[in-house]
Every structure is written in structure tokens, then in C-alpha cells.
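# Tertiary structure, described
Chain by chain, the residues run as shown.
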Amino acid sequence: LAFKMGAHSSKEGLSQEDMAFLERNTRYDKATICDFYKGFMADCPEGKLSPTTFCQIYSKCFPTGNAKEFCDHVFRTFDTDKNGEIDFKEFLLSIDVTSSGTPEEKLNWAFSMYDVDGNGWIDLEEMTKLVGSIYKMIGTHQTQTHLAKYEAEAKERAKGIFKRMDINNDGKVTKEEFTKTCLEDENLIDLLTPPSAI
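Keep in mind that this is a model prediction, so the values were computed, not measured. Note that residues are indexed from 1 along each chain, following the sequence as it is written. In keeping with the model being predicted, local features are shown solely for residues with a pLDDT of at least 70 and side-chain atom pairs are shown and tallied solely at 80 or more, while totals for entire chains, interfaces and linings include all residues. The basis for every side-chain value is the complete set of non-hydrogen atoms in the structure, without hydrogens or water.

## Details of the pattern of salt bridges
Side chains bearing opposite charge may pair, as long as their charged atoms lie close to each other. Any carboxyl oxygen of Asp or Glu within 4 Å of a side-chain nitrogen of Lys or Arg constitutes a salt bridge here. Enumeration according to the criterion identifies eight salt bridges in this entry. When the shortest N-O distance is used, the salt bridge between E125 and K129 registers 3.8 Å. Taken together, the positions of E125 and K129, both in helix α7 (residues 124-138) and four residues apart, correspond to about one turn of that helix. Per the convention used, a helix needs a DSSP run of H or I reaching at least four residues, while a strand needs a run of E reaching at least two, with both numbered from the N terminus.

## Regarding the environment of F78
Looking at the element boundaries, F78 is found in helix α4 (residues 68-78). Classification of F78 by relative accessible area gives buried; the value is 3%. When the C-alpha atoms of F78 and K89 are compared, they prove to be 9.7 Å apart, with 11 residues separating the residues in sequence. Whether two residues touch is decided by their heavy atoms; if any such pair falls within 4.5 Å, the residues are in contact. In this structure, F78 is in contact with F54, I86, E90, F91, S94, I95 and W109, ignoring residues within four places of it in sequence. Burial classification: accessible surface area is computed with a 1.4 Å probe over protein chains only, and a residue below 20% of its type maximum counts as buried, one above 50% as exposed, and the rest as partly exposed.

## Quick look at the packing of aromatic side chains
Aromatic pairs are defined between Phe, Tyr and Trp rings, using the six-membered ring for Trp, whenever the two ring centres lie within 6.5 Å; interplanar angles under 30 degrees are classed as stacked, those over 60 as edge-to-face, and all others as tilted. Enumeration according to the criterion identifies 11 aromatic pairs in this entry. Seen from their ring centres, Y37 and F88 are 5.0 Å apart, and the 85 degrees between their planes marks the pair as edge-to-face. Of the two residues, Y37 sits in helix α2 (residues 30-43) while F88 sits in helix α5 (residues 88-100), which places them 51 residues apart along the sequence. Each member of the pair Y37 and F88 is classed as buried. Between the aromatic rings of F40 and F88, the centroid separation amounts to 5.5 Å while the plane-to-plane angle is 65 degrees, which identifies the pairing as edge-to-face. Here F40 is found in helix α2, whereas its partner F88 is found in helix α5, with 48 residues between them in sequence. Residue F40 is classed as buried on the basis of its relative accessible area of 4%. By relative accessible area, which is 0% here, F88 ends up buried. The aromatic ring of W121 is capped on one face by K172, whose charged end is 4.1 Å from the ring centroid. When the NZ atom of lysine or the CZ atom of arginine is within 6 Å of a ring's centre and also within 35 degrees of its normal, the charge is said to sit over that ring.

## Re the confidence of the model for the protein chain
pLDDT is a per-residue confidence score from the predictor, ranging from 0 to 100. With 86% of its residues at a pLDDT of at least 70, the protein chain reaches an overall mean of 84. Model confidence for the protein chain, summarised as mean pLDDT per element, is weakest for strand β1 (residues 3-4) at 32 and strongest for strand β6 (residues 173-174) at 97. Contacts for the low-pLDDT stretch residues 1-11, under 50 throughout, to residues beyond four places or in other chains number 36 contacts.

Written out as C-alpha cells, the structure reads:
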């Protein structure tokens, strides 16, 4: 793997500055980072992952469901600088948290995904959108009748989860409420955090 001077990763290689940053901020060693980088560049020769490419890769892990909506939420959370693309640093930082992070780190990351508008809390509409997208992604139900049934089921599930999480009943779920509720119920963590599919 080639290294170059400068702060940006590109087709020429990963900069020494980026390598040092990733070694400090992930649980990966230099060799593992280089392996991830080679794979990333093979899939994304321009060094950026577009929403379309991201969804194509992520969807392969859920061939029987519709992962598009969920992919949009995961993409938004990976794209920390909100420029519409995921660079290698954003990619590896998110992969590190979702695959190797502590339960608290994973939940902080998941909270960012559920807080669609970024206002610091989750409302029922945001919870319903995400739970609905999870149902679509993992479901094999392709008919309209089944889809309507599962959408209603997802809405009820989201309401139940929201009610449990909204500890002080103010109509908002804070990061603290989200984390506390999930840490007390492992099934909730499994449902609400994305599978490490990439």
C-alpha cells in the first residue's frame, strides 16, 4: 500500500496523517487498516462511497428484504461531514464502532442514526421511520397485503419501544434514555442497532 504526504486519502494511497489518525481512533492496526483500504478502493476507485454504491453493497446482506430505506439511514450516519459521500476515514470509524465497539459506543452510534433531524432527541415519527425500515429490510413479505400488515406491525412496535424509552414521558427520547433502556434489554439492542453487514 502506498503512503503519500498530505491529509486526504485518494487513489494514490492513504496519507500518513490519515493512517496515524485511524490507528489512534480505531481498534485496528496498520496492516488491518491497509487491508480495509485496499477493499474500499477496489469497490470505490475514486475513494468515495456514494449512497447508491453503499446501498448496493449493504443490500447484498439482506437479499429477501428491501434495505433501501435502512441504507439511507445508515449512510447518513456514516457520512459524518454530511457531504453526501463516505470517505475511507468515515467508513472505517463507523465500521470500527458497529463491529468492535462497546455496547455504549454502538448505542451512541445508533442514537445518531435514529435522531434523523439531528436535534439531540428521537421523536415517535423518527422511531417509526427507522423501525419500519428495519421491518422492510429483514422481511420476505413482498405482497401489498403483507406489506400493509407489516407496516402496521412496525408502527405498533415503534410506539411500544418509544413508550418504554421515554422514561420521563416528555414525548422525546434523549441519548441517555435510549442508552439506558437498551442496556437493560439485550433484545432491544439487537433490534435497534444495525447488523455489521459491510
